[in-house]
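# Descriptive structure summary
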Amino acid sequence: NRVLVTGGAGFIGSHLVDYLLSKGVYVRVVDNLSSGRLEHVSHHFGSKLFEFVEGDLKNPETALKAVEDVDTVFHLAANPEVRLSVTEPIVHFNENLLATFNLLEACRRKGSVKLFVFASSSTVYGDASVLPTPETHEVKPISVYGASKAGCEALLSSYSHLYGFKGVSLRYANIVGPRLRHGVIYDFIMKLSRNSRELEILGDGSQRKSYLHVRDAVEATVTAAENSPSTYDCFNVGNEDWVTVTEIADIVSKAMGVKPSYRFVATVKDGRGWPGDVKLMLLSIEKIKKLGWAPRLSSREAVEETARALVAELGL
Ligand code: NAD
């Protein structure tokens, strides 16, 4: 096996790289280090099984070099900031859709790739009318980020049907754990490190979502890659419970040993954090469970472990 992990210096990608290398798999990482960090993979420098290429997948030449001689692609490179897509849609068009198109084109032209796994997102469903939301629910994103992910899934579906490789899209819930550098837990920790007496919370705090520990997410990713039965398929990857934003504020405050007052900034209708924020997210995971995977930690446990890990990592 020769594996490409795009975005492998990022949060989920670097944990996937650790896992694959621990199994003796050859791994090439391509990352432009826009949000990823070299320190997330530098412990593998010197390993014969590991290759790091600094490059940007918006460049078609980089994409061609990236897939050279690999049989499996885990495509995680993207801009993961849902909020940014509201004010700068072009970023998500380029970083997500264009980069994915370049990579799929490279797979078509080089021909060695047999399996392409794409990191999609629960945001493709938008405000789902059914909770827990199954994969058969209609795709109706309410953020440009979600739209870019839905577009990438559609491209992968068509490329896998046309050009002889298997495609798997994984619709991740919120993934959390060590090395996380974006999202609500990290934001709260940063805010509290600046001012431990008051915490600004975007929205009314009642937004309720499902969180999955990155160790569980990596196992789900590999399970789906190895066992997905069809030419193309998509799987939800999440947890069976969910927590509110206010509960996360409580967990983070406790991990930091502080007792702030909460200031809710609810400027968007029905208490969302920002326009395009999905208020309720809980995915049905029945489909991927049939492949033999189940989460080990609950949403609450995953958030608690992440808060503790980040506080330690950041030296707070
Ligand atoms: P991350 O920002 O830590 O990782 C993304 C990586 O991609 C970074 O290392 C970044 O430098 C790299 N990258 C971005 N644009 C690139 C480009 N044009 N060329 C090469 N490299 C590029 O984010 P993450 O949380 O690890 O997310 C990984 C993937 O999973 C993303 O596709 C994200 O959209 C998706 N996802 C994440 C979550 C989550 O909760 N973390 C949820 C759903 C989906």
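Residues numbered from 1 in each chain as written. Predicted model: local features only at pLDDT ≥ 70, side-chain atom pairs only at ≥ 80, totals over all residues. Heavy atoms only, no water.

### Considerations on the pairing of strand 8 (residues 198–202)
Inclusion rule: Accessible area is worked out with a 1.4 Å probe on protein chains only. A residue is then buried under 20% of its type maximum, exposed over 50%, and partly exposed in between. Helix and strand assignments follow DSSP, with helices taken as H or I runs no shorter than four residues and strands as E runs no shorter than two, numbered in order from the N terminus. At least two DSSP bridges between two strands are needed for those strands to be called paired.
Burial of strand 8 is one-sided: the residues L199 and I201 facing one way are buried, the residues E198, E200 and L202 facing the other way are not. By the bridge criterion, 5 bridges tie strand 8 to strand 13 (residues 261–265) in an arrangement that is parallel. Following the sheet pairing, L199 is matched in strand 13 by Y262.

### Focus on the site of the ligand
Here is the rule: One heavy atom within 4 Å of a molecule or strand is enough for the residue carrying it to be called near that molecule or strand. Counted as a polar contact is a pair of N or O atoms within 3.5 Å, where, for protein atoms, one must be capable of donating a hydrogen and the other of accepting one, and residues adjacent in sequence contribute only when both atoms are in side chains. Only the protein chains shown count as cover for residues, and the accessible areas themselves come from Shrake-Rupley with a 1.4 Å probe. Residues are grouped as follows: nonpolar covers Ala, Val, Leu, Ile, Met, Phe, Trp, Tyr, Cys and Pro; charged covers Asp, Glu, Lys and Arg; every other residue, Gly included, is treated as polar.
Close contacts around the ligand come from 30 residues, with F11, I12, D31, S35 and Y145 the closest. Within the side chain of D56, an N or O atom sits 2.9 Å from a nitrogen atom of the ligand. Taken by itself the ligand offers 820 Å² of open surface, and the protein chains cover 96% of this. Of all the elements in the fold, those that place two or more residues in the shell around the ligand are helix 1 (11–22), strand 5 (115–121), helix 5 (144–162) and strand 7 (174–176). The biggest single contributor to the shell around the ligand is strand 5, with 3 residues. Taken together, the residues that form the shell around the ligand break down as 14 nonpolar, 11 polar and 5 charged.

### Comments concerning the sheet that holds strand 2 (residues 26–31)
To keep things clear, this is the line we draw: In this analysis, axes come from line fits to C-alpha atoms, helices being fitted only over the stretch in contact, and the angle between any two N-to-C directions falls in the range 0 to 180 degrees. What makes two residues a contact is simply this: any of their non-hydrogen atoms within 4.5 Å.
An order of 3-2-1-4-5-6-11 is seen for the 7 strands of this open sheet, with the pairing classed as parallel. Each of the sheet's edge strands pairs with one partner strand only, and the pair in question is strand 3 (50–54) and strand 11 (232–237). If you compare each strand with its neighbour and ignore which way they point, the axes differ by 15° on average. Strands in contact with helix 5 are strand 5, strand 6 (166–172) and strand 11; relative to strand 5, the strand with the most contacts, it is inclined by about 160°. Relative to strand 6, helix 7 (residues 214–227) is tilted by about 155°, and along the sheet it contacts strand 4 (72–75), strand 5, strand 6 and strand 11.

### Things to note about helix 1
Put simply, the rule is: To estimate how far a helix should reach, multiply one less than its number of residues by 1.5 Å.
The terminal C-alpha atoms of helix 1 lie 17 Å apart, and with 12 residues this matches the ideal 16 Å at 1.5 Å per residue to within 8%. Most of helix 1 sits out of view: 9 of its 12 residues are buried. Here helix 1 has its buried residues at F11, I12, G13, S14, H15, L16, V17, L20 and L21.

### Details of the packing of helix 2 (residues 60–67) against helix 4 (residues 89–110)
As a reminder, the rule being used: When an angle is under 35 degrees it counts as roughly parallel; over 145 it counts as roughly antiparallel; between 65 and 115 it counts as roughly perpendicular; any other value is oblique. Crossing chirality is assigned from the near helix's rotation relative to the far helix, an anticlockwise turn below a right angle marking it left-handed and a clockwise turn marking it right-handed.
Contact pair helix 2 / helix 4: the axes reach a minimum separation of 8 Å and the direction vectors enclose 50°. Between helix 2 and helix 4, the angle falls in the class oblique. Along this stretch, helix 2 crosses helix 4, giving a crossing that reads as right-handed. Contacts between helix 2 and helix 4 pair P60, A63, L64 and V67 from the former with N102, L103, A106, C107, R109 and K110 from the latter. Considered class by class, the residues forming the contact of helix 2 with helix 4 number 7 nonpolar, 1 polar and 2 charged.

### Some remarks on the domain arrangement of the protein
Spelled out, the test is: Segment limits for the domains were obtained from an automatic or database-derived domain assignment. By buried area we mean how much accessible surface two parts lose on assembly, using a 1.4 Å probe and totalling the loss over both. By definition, a salt bridge exists where a carboxyl oxygen of Asp or Glu is found within 4 Å of a side-chain nitrogen of Lys or Arg.
Taken as a whole, the protein is organised into domain 1 (2–175 + 211–237) and domain 2 (178–210 + 241–279 + 297–313). Look at where the C-alpha atoms of domain 1 and domain 2 centre, and you get two points 26 Å apart. Each partner contributes residues to the interface: domain 1 has 26 residues there, and domain 2 has 27 residues. Area buried by domain 1 at its contact with domain 2 is led by R83, Y211 and H213, which between them contribute 35% of it. Counting every contact that joins domain 1 to domain 2 gives 3 salt bridges. We note a salt bridge from D18 to R179, for which the minimum N-O separation is 2.9 Å. Our count for the contact surface shared by domain 1 and domain 2 stands at 9 residue pairs in polar contact (both at pLDDT 80 or more). Sorting elements by how many residues they give to the side of domain 1 that touches domain 2 places helix 1 first, with 4 residues. Grouping the amino acids of the side of domain 1 that touches domain 2 by side-chain chemistry returns 11 nonpolar, 8 polar and 7 charged.

### Section: the pattern of salt bridges
Under the defined criterion, the tally for this structure stands at 21 salt bridges. For K140, the salt bridge identified is with E138, shortest N-O distance 3.7 Å. A salt bridge links R296 to E219; the nearest nitrogen and oxygen atoms lie 3.0 Å apart. Of this pair, R296 sits in the loop between helix 9 (286–289) and helix 10 (299–313) while E219 sits in helix 7, placing them 77 residues apart in sequence. Take R296: its relative accessible area is 62%, and that puts it in the exposed class.

### Observations concerning the environment of K58
Its place among the elements puts K58 in the loop between strand 3 and helix 2. When the C-alpha positions of K58 and N96 are compared, they lie 9.0 Å apart, and in sequence the two are 38 residues distant. A distance of 2.8 Å separates a polar atom in the side chain of K58 from a polar atom in the side chain of D56.

### A short note on the side chain of S253
When you line up the elements, S253 lands in helix 8 (residues 245–256). In this structure S253 touches L192, V258, P260 and Y262, once residues within four positions along its chain are discounted.

### Some details on the sheet that holds strand 12 (residues 243–244)
As summarised here, the arrangement of the 3 strands in space is 12-9-14, forming an open sheet in which the pairing is mixed. The open sheet has two edge strands with one neighbour each: strand 12 and strand 14 (280–281). Inspection of the sheet shows strand 9 (residues 208–209) paired to strand 12 by 2 bridges, in the antiparallel sense. Counted as the bridge partner of R208 is T244 from strand 12.

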